[in-house]
Amino acid sequence: MSDCLFCKIIAGEIPADIVYEDDKILVFKDIYPKADVHLLMVPKLHIESLAKLDQSHNDLMGYMMLKLPGLANDQGLTGGFRTIINTGKGSGQIIFHLHIHLLGGKNLPGF
Ligand code: 5GP
Ligand code: ZN
């Protein structure tokens, strides 16, 4: 997707503060952090949102979920962490490349 911001970050065309990368996913710091730790995990495959998933994404989504606790631990979030996935305009999704927010640290507001 040539006009997708997160695809451009994945391609290295736009800089980001990357904390983890492998062949399937990229994890980088949110540019406007809403908590002490605020990371975004994205699949390298362009998928618009959860609403566009199909069975072919089963392994990838499982892979992403299983990576989250280790990433949170590496960020020092031993007391817990919050994950958020916005899906669609009505949810507040502004970047239409599937991403998981990983949030934590002190002063995490109630939800
Ligand atoms: P959404 O509302 O779509 O779930 O979240 C998109 C997130 O992307 C927001 O938290 C926003 O701060 C973050 N964001 C937007 N533009 C950039 C950018 O250029 N770089 C980084 N690292 N994060 C961005
Ligand atoms: Zn994309």
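Scroll up a little and you will see the structure.
Residues numbered from 1 in each chain as written. Chains lettered and ligands numbered in written order. Predicted model: local features only at pLDDT ≥ 70, side-chain atom pairs only at ≥ 80, totals over all residues. Heavy atoms only, no water.

1. Some remarks on the overall build of the protein
Right, on to step 1. Helix and strand content of the protein: 2 helices and 5 strands.
Right, on to step 2. Ordering the α and β elements of the protein from the N terminus gives α-β-β-β-α-β-β.
Right, on to step 3. On C-alpha atoms alone, the protein measures out to a radius of gyration of 14 Å, which is about the 13 Å that the 2.2 N^0.38 rule sets for 111 residues.
Right, on to step 4. Along the first, second and third principal axes, the C-alpha atoms of the protein reach 35 × 30 × 25 Å.
Right, on to step 5. Considering the protein as a whole, with its 111 residues, one finds that 35% of them fall into the buried category.
Right, on to step 6. Across the protein, every contact between residues at least 6 apart in sequence was considered, and the portion connecting residues at least 24 apart equals 52%.
Right, on to step 7. Within the structure as shown, the protein displays about 6,600 Å² of accessible surface, and the carbon and sulfur contribution to it stands at 55%.
Right, on to step 8. In the protein, 10 positive and 12 negative side-chain charges are present, and the distance between their average locations comes to 6 Å. (Helix = DSSP H or I, 4+ residues; strand = E, 2+ residues; numbered from the N terminus. Rg over C-alpha atoms; globule rule 2.2 N^0.38 Å. Buried < 20%, exposed > 50% of the residue type's maximum accessible area, 1.4 Å probe, protein only. Contact = heavy atoms within 4.5 Å. Areas by Shrake-Rupley, 256 points an atom, 1.4 Å probe, with all protein chains shown as cover. Lys, Arg positive; Asp, Glu negative; His and termini not counted. Charge placed at Lys NZ, Arg CZ, Asp CG, Glu CD.)

2. Points about the coordination of the zinc ion (ligand 2)
Right, on to step 1. For the zinc ion (ligand 2), the protein coordination sphere consists of Cys 4 (SG), Cys 7 (SG), His 46 (ND1) and His 97 (ND1), at 2.0 to 2.3 Å.
Right, on to step 2. If you look at the zinc ion (ligand 2), its 4 donor atoms make angles of 106 to 116° with each other, and the shape they trace is tetrahedral.
Right, on to step 3. Each donor residue of the zinc ion (ligand 2) belongs to the same chain, with the gaps between them written as C-x2-C-x38-H-x50-H. Here His 46 is found in the loop between strand 3 (37-43) and helix 2 (58-74), whereas its partner His 97 is found in the loop between strand 4 (82-84) and strand 5 (100-104), with 51 residues between them in sequence.
Right, on to step 4. Note on His 46: relative accessible area 22%, which makes it partly exposed. (Donors = N, O, S within 2.8 Å, 3.2 Å for Na, K, Ca; no water. Tetrahedral: all angles 85-135°; square planar, octahedral: opposite > 155°, others 65-115°.)

3. Observations regarding the site of ligand 1
Right, on to step 1. Lining the immediate environment of ligand 1, one finds 17 residues, of which Asp 30, Gly 92, Ile 94, His 99 and His 101 sit closest.
Right, on to step 2. In the environment of ligand 1, an oxygen atom lies 2.8 Å from a nitrogen or oxygen atom belonging to the backbone of Gly 92.
Right, on to step 3. At a separation of 2.7 Å, an oxygen atom of ligand 1 approaches a polar backbone atom of Ile 94.
Right, on to step 4. Protein chains bury 89% of the 530 Å² of accessible surface belonging to ligand 1 in isolation.
Right, on to step 5. Put simply, the parts of the chain that give the shell around ligand 1 at least two residues each are helix 1 (5-10) and strand 2 (25-29). (Near = heavy atom within 4 Å. Polar contact = N/O pair within 3.5 Å; in protein donor to acceptor, adjacent residues only side chain to side chain.)

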